[in-house]
Amino acid sequence: MIAQQGLPNEAEVFLAIGAIQRRQGRWAESTANLEKATNLNPKDPWPLQTLAINYEMTRDFAAANRTIDRGLQVDPNSFGLWEIKAKLAIEEKGDFSVAEKGLAMLEKLPAGADKTMKLGIARSSILLLQRKFADASREADRIGDDQLASYPGALCSKYSVIGVARKAAQDDAGARAAFLKAQNFAAAELKQAPDDASAHARLAESLAWLGEKDGALAEIKRAAELLPESKDAFGGPEITESAAEVHAIMGDTAGAVEILDGLLSRPSTVTVPVLKINPIFDSIREDSRFQALLQKHGAKA
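Report follows, based on the coordinates. From a predicted model like this one, the values you see are computed outputs, not experimental measurements. (Residues numbered from 1 in each chain as written. Predicted model: local features only at pLDDT ≥ 70, side-chain atom pairs only at ≥ 80, totals over all residues. Heavy atoms only, no water.)

### Topic: the overall build of the protein chain
Counting its secondary structure elements, the protein chain contains 18 helices and zero strands. When its C-alpha atoms are laid out on the principal axes, the protein chain stretches across 60 × 45 × 40 Å. Within the span of the protein chain, comprising 301 residues, buried residues form 50% of the whole. Across the protein chain, the fraction of contacts at a sequence separation of at least 24, relative to all contacts at a separation of at least 6, is 54%. Accessible area of the protein chain: about 14400 Å², with a carbon and sulfur share of 53%. With 37 positive and 42 negative side-chain charges, the protein chain shows a spacing of 2 Å between the two charge centroids. (Helix = DSSP H or I, 4+ residues; strand = E, 2+ residues; numbered from the N terminus. Buried < 20%, exposed > 50% of the residue type's maximum accessible area, 1.4 Å probe, protein only. Contact = heavy atoms within 4.5 Å. Areas by Shrake-Rupley, 256 points an atom, 1.4 Å probe, with all protein chains shown as cover. Lys, Arg positive; Asp, Glu negative; His and termini not counted. Charge placed at Lys NZ, Arg CZ, Asp CG, Glu CD.)

### Considering the packing of helix α4 (residues 45-57) against helix α6 (residues 79-93)
The contact between α4 and α6 brings their axes to 10 Å, and the two run at 15 degrees. On the basis of their axis angle, the class for α4 and α6 is roughly parallel. Handedness of the α4/α6 crossing: left-handed. Contacts between α4 and α6 pair Pro45, Gln49, Ile53 and Glu56 from the former with Gly80, Leu81, Ile84, Lys87, Leu88 and Glu91 from the latter. Residue composition of the contact of α4 with α6, by class: five nonpolar, two polar and three charged. (Axes fitted to C-alpha atoms, helices over the stretch in contact; angles between N-to-C directions. Parallel < 35°, antiparallel > 145°, perpendicular 65-115°, else oblique. Left-handed = near helix turned anticlockwise from the far one by under 90°. Nonpolar A, V, L, I, M, F, W, Y, C, P; charged D, E, K, R; others polar.)

### Digging into the pattern of salt bridges
All told, the structure shown has 20 salt bridges when counted by the stated rule. With its nearest N and O atoms 2.2 Å apart, the salt bridge here joins Glu107 to Arg123. Highlighted residues: Glu107 in helix α7 (residues 97-107) and Arg123 in helix α8 (residues 113-129), separated in sequence by 16 residues. Of the residues examined, Arg123 reaches a relative accessible area of 17% and is grouped as buried. Note that Glu225 and Arg222 form a salt bridge whose closest N and O atoms lie 3.5 Å from each other. Linking Glu225 with Arg222, this pair stays in helix α14 (residues 213-226), spanning three residues, or about one helical turn. For Glu225, a relative accessible area of 46% puts it in the partly exposed group. A single salt-bridge network, built from bridges that share partners, covers Glu107, Arg123, Glu139 and Arg142. (Salt bridge = Lys/Arg side-chain N within 4 Å of Asp/Glu carboxyl O.)

### Some thoughts on the packing of aromatic side chains
A full pass over the atoms with the stated rule returns four aromatic pairs. Ring plane angle 50 degrees and centroid distance 6.5 Å describe the contact between Trp27 and Phe234, whose orientation is recorded as tilted. Placement of the pair is Trp27 in helix α3 (residues 27-40) and Phe234 in the loop between α14 and α15 (236-249), with a sequence separation of 207 residues. For the pair Trp27 and Phe234, one class covers both residues: buried. (Phe/Tyr/Trp six-rings, centres within 6.5 Å; stacked < 30°, edge-to-face > 60°.)

### Overview of α15
In this model α15 runs 20 Å from its N-terminal to its C-terminal C-alpha over 14 residues, within 8% of the 20 Å that 1.5 Å per residue would give. Across the 14 residues of α15, twelve count as buried, placing the element largely inside the fold. When we look at burial in α15, the residues that qualify are Gly236, Pro237, Ile239, Thr240, Ser242, Ala243, Ala244, Glu245, Val246, His247, Ala248 and Ile249. For α15, the secondary structure elements touched by its buried residues are α4, α13 (197-209), α14 and α16 (253-263). Two residues or fewer past α15, Gly251 is found with a positive phi of approximately 80 degrees. (Expected span 1.5 Å × (residues − 1).)

### Regarding the nonpolar core
By size, the foremost hydrophobic cluster in this structure holds 50 residues, and its most contacted members are Leu128, Ile220, Leu260, Leu275, Phe281, Phe290 and Leu293. Residues within four places of Ile220 in sequence aside, it is in contact with Ala201, Ala204, Ile239, Ser242, Ala243 and Val246. In this structure, Ala52, Tyr55, Phe79 and Trp82 belong to the second largest nonpolar core, which totals 32 residues. (Core = buried A, V, L, I, M, F, W, Y, C linked by side-chain atoms within 4.5 Å.)

### Digging into the environment of Glu10
Mapped onto the secondary structure, Glu10 falls in the loop between α1 (2-6) and α2 (11-23). For the pair Glu10 and Lys36, spaced 26 residues apart in sequence, the C-alpha separation works out to 9.4 Å.

### Digging into the environment of Ser157
Within the fold, Ser157 resides in helix α11 (residues 154-168). For Ser157, the side chain forms a polar contact with the main-chain oxygen of Gly153, separated by 2.9 Å. (Polar contact = N/O pair within 3.5 Å; in protein donor to acceptor, adjacent residues only side chain to side chain.)

### A few points about the environment of Glu83
Within the secondary structure, Glu83 sits in helix α6. For the pair Glu83 and Val98, spaced 15 residues apart in the sequence, the C-alpha separation amounts to 9.4 Å.

### So, the side chain of Thr67
With respect to the helices and strands, the residue Thr67 is situated in helix α5 (residues 61-74). With residues up to four places along the chain from it excluded, the contact list for Thr67 reads Leu48, Leu51, Ala52 and Tyr55.

### Some details on the packing of α15 against α16
Where α15 contacts α16, the two axes come as close as 8 Å, and the packing angle between them is 155 degrees. When the axis of α15 is compared with that of α16, the two are roughly antiparallel. Here α15 runs over α16; the crossing is left-handed. Residues Pro237, Thr240, Glu241, Ala243, Ala244, His247 and Ala248 of α15 form the contact with α16, whose own contacting residues are Gly255, Ala256, Ile259, Leu260 and Leu263. Classifying every residue of the contact of α15 with α16 gives eight nonpolar, three polar and one charged.

Here's what the structure looks like:
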């Protein structure tokens with residue numbers, strides 16, 4: 001607040017305050033301050049991207065899209081802006097057309113290792129949700145491990161995508177091999193950063209896929225202890241979502257549904273359209289309790 005008083009027209013100050021407030025769960029105040037930041041610095045796409053994520057978390061998709069479109073007017077070739085715009089369409093409606101348009105546009109940008117890697121990750125994730133499992137696995141496999149080594153969690157995520165795709169395609173042996181690699185990469189991360197909640201969550205999911213229930217539950221519990229929503233209302237829901245996925249992977253419908261019901265009732269990026277298509281929830285998809293959850297929150301939407 002001292003910085004705000006001394007620099008009343010400095011966008012960075014409002015941006016910083018808004019970022020802190022959303023972690024405190026003060027969403028309305030955070031959004032108001034991020035709006036001020038965008039108005040003070042309208043030619044910088046970063047505040048607009050940050051604000052759009054607030055609207056995404058609170059499921060105000062109309063405002064999120066307006067904000068992203070403002071950003072794209074400033075920088076029509078921004079990977080981050082197109083990534084969020086694609087996510088919004090999928091989260092709101094299960095619509096992949098925006099993602100396909102964005103990927104097509106980004107393909108035209110000058111070649112580079114960073115661009116190739118980012119496009120590969122985005123494309124494989126989208127193909128997985130589209131249930132094009134062979135294509136998703138092939139696309140993820142094309143990304144060299146060396147390209148991902150410097151990005152935290154990227155190697156684990158790559159092999160998780162491959163594992164889920166192979167599992168859905170009923171290639172159990174191939175899936176297990178991929179999940180073992182994901183497990184090893186997550187464990188290696190934790191040796192370097194033992195208090196990284198996201199790494200614990202990634203390890204938990206890998207162990208769940210490998211059938212190691214006790215280990216998976218212990219890891220996701222540790223992740224939640226390190227980054228609880230009570231202390232971080234912005235980052236915490238991602239860990240909570242991982243907990244729901246762990247329970248679903250293990251076939252625990254009651255546990256998954258209880259967690260998802262909470263996430264769908266408060267700010268998070270979990271939405272009914274994504275739950276309807278995400279293959280991670282296939283093991284509980286036909287359960288009446290999961291279907292009732294979709295109906296309950298689908299009606300609200």
